[in-house]
Amino acid sequence: MSDLREIYQDVILDHYRKPRNFAVLEQASHHAKGHNPLCGDRIDVYLSVEDGVLQDVSFQGAGCAISTASASLMTEAVKGKGLDAVQSLFETFHRMVTQPEDDAQGVDLGKLEALAGVRELPVRIKCATLSWHTLQAALEQQDKPASTE
Ligand code: ZN
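What you see is a predicted model, and the numbers here were worked out from it, not measured in a lab.

A.B. asks: Explain the overall build of the protein chain to me, and be specific about the residues and the numbers.
C.D. replies: When helices and strands are tallied, the protein chain shows six helices and four strands. Written out in order from the N terminus, the α and β elements of the protein chain read α-α-β-β-β-α-α-α-α-β. In the protein chain, which comprises 149 residues, the proportion classed as buried is 45%. Taking as baseline every contact in the protein chain between residues at least 6 positions apart, the subset at least 24 positions apart corresponds to 61%. Total accessible area computed for the protein chain in this model is approximately 7,700 Å², and 47% of it derives from carbon and sulfur atoms.

Next comes the structure, spelled out in structure tokens:
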């Protein structure tokens, strides 16, 4: 657990203990389920899309601290954004957690940068990206659950 402790920064702990937008979105226009079999994380992502803008987003689920905090941070980061901006944010975030540090420099991801440490922990990368893959699945209206495998 000692290596994990290093990335359990205040932001991650805060979002794990008090997840933001943790609810079922009654008026959701899009919904998808996600599963990370490697860790056992499960998530439901709900979206309300109107005129190409992500008007509202919420999630529910049960998972480890990284997956829960990442989902919570994601909902804050994407809410109110256009779908193109959401897509580019996903790509930038994905690069941050999968590429060496130097490649990710110069991009401001705000609070999402709290998760940069998972790049040192390959097993945890899927925990951090699960909510984003599920968001994409919801946007694509896939019927089968999103999986990190
Ligand atoms: Zn996990």
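The structure having been displayed, the exposition proceeds.
A.B. asks: Help me get a handle on the side chain of His30, residues and values and all.
C.D. replies: Here His30 shows up in strand 1 (residues 30-36). In this structure the side chain of His30 is engaged in a polar contact, spanning 2.8 Å, whose partner is the side chain of Ser29. Contact partners of His30, with chain neighbours within four places excluded, come to Val45, Tyr46, Leu47, Val49, Ala138, Leu139 and Gln141.

A.B. asks: Would you mind going over the coordination of the zinc ion in detail, with residue names and values included?
C.D. replies: Ligation of the zinc ion by protein atoms is provided by Cys39 (SG), Asp41 (OD), Asp41 (OD), Cys64 (SG) and Cys127 (SG), these donors lying 2.2 to 2.6 Å from the ion. Here the donor residues for the zinc ion map to a single chain with the spacing C-x1-D-x22-C-x62-C. Residue Asp41 is classed as buried on the basis of its relative accessible area of 1%.

A.B. asks: Kindly report on the sheet that holds strand 3 (residues 53-62), identifying the contributing residues and their values.
C.D. replies: With mixed pairing, four strands are arranged side by side in an open sheet as 3-2-1-4. Only two strands of the sheet have a single partner each, and these edge strands are strand 3 and strand 4 (146-147). Bridging between strand 1 and strand 2 (residues 41-50) involves seven bridges; their strand directions are antiparallel. The residue of strand 2 that forms the bridge with Ala32 is Val45. Helix 6 (residues 122-139) contacts strand 1, strand 2, strand 3 and strand 4 of the sheet and is inclined by roughly 40 degrees relative to strand 2.

A.B. asks: Go over helix 6, please, and point to the residues and values.
C.D. replies: Along an α-helix, residues three or four apart share an orientation, since each turn contains 3.6 residues. Between the first and last C-alpha of helix 6 there are 26 Å, a value that for 18 residues agrees with the 26 Å anticipated at 1.5 Å per step. Where helix 6 bends most, the angle comes to about 45 degrees, and this point is Thr129. In terms of burial, helix 6 is largely enclosed, as 13 of its 18 residues are buried. Once helix 6 ends, the next one or two residues include Gln141, with phi positive near 55 degrees.

A.B. asks: How would you summarise the packing of helix 3 (residues 65-78) against helix 6 if you had to cite specific residues and measurements?
C.D. replies: In the contact formed by helix 3 and helix 6, the axes pass within 8 Å of each other and the chain directions differ by 40 degrees. As judged from the angle between their axes, helix 3 and helix 6 are oblique. For the element pair helix 3 and helix 6, the recorded crossing hand is right-handed. Across the interface between the two elements, Ile66, Ser67, Ser70, Ala71, Met74 and Val78 from helix 3 touch Arg124, Cys127, Ala128, Ser131, Trp132 and Leu135 from helix 6. Residues of the contact of helix 3 with helix 6, tallied by class, amount to eight nonpolar, three polar and one charged.

A.B. asks: Go over the packing of aromatic side chains, please, and point to the residues and values.
C.D. replies: Describing an aromatic ring pair means giving the distance of the ring centres and the angle of the ring planes. Going through the model one piece at a time under the given rule, you end up with three aromatic pairs. With a centroid separation of 6.0 Å and 25 degrees between ring planes, the pair formed by Phe90 and Trp132 is classed as stacked. Pair noted here: Phe90 is in helix 4 (residues 83-98) and Trp132 is in helix 6, with a separation of 42 residues, a long-range link. The two residues Phe90 and Trp132 agree in class, both being buried. Ring centres of Phe93 and Trp132 lie 5.1 Å apart, and the angle between their planes is 25 degrees; on these two criteria the pair is classed as stacked.

Calculation criteria
Residues numbered from 1 in each chain as written. Predicted model: local features only at pLDDT ≥ 70, side-chain atom pairs only at ≥ 80, totals over all residues. Heavy atoms only, no water. Helix = DSSP H or I, 4+ residues; strand = E, 2+ residues; numbered from the N terminus. Buried < 20%, exposed > 50% of the residue type's maximum accessible area, 1.4 Å probe, protein only. Contact = heavy atoms within 4.5 Å. Areas by Shrake-Rupley, 256 points an atom, 1.4 Å probe, with all protein chains shown as cover. Polar contact = N/O pair within 3.5 Å; in protein donor to acceptor, adjacent residues only side chain to side chain. Donors = N, O, S within 2.8 Å, 3.2 Å for Na, K, Ca; no water. Pairing = 2+ DSSP bridges. Axes fitted to C-alpha atoms, helices over the stretch in contact; angles between N-to-C directions. Expected span 1.5 Å × (residues − 1). Bend = angle between axes of the 7 residues up to and from the residue. Parallel < 35°, antiparallel > 145°, perpendicular 65-115°, else oblique. Left-handed = near helix turned anticlockwise from the far one by under 90°. Nonpolar A, V, L, I, M, F, W, Y, C, P; charged D, E, K, R; others polar. Phe/Tyr/Trp six-rings, centres within 6.5 Å; stacked < 30°, edge-to-face > 60°.

On their own, these measurements won't tell you what the molecule is for.
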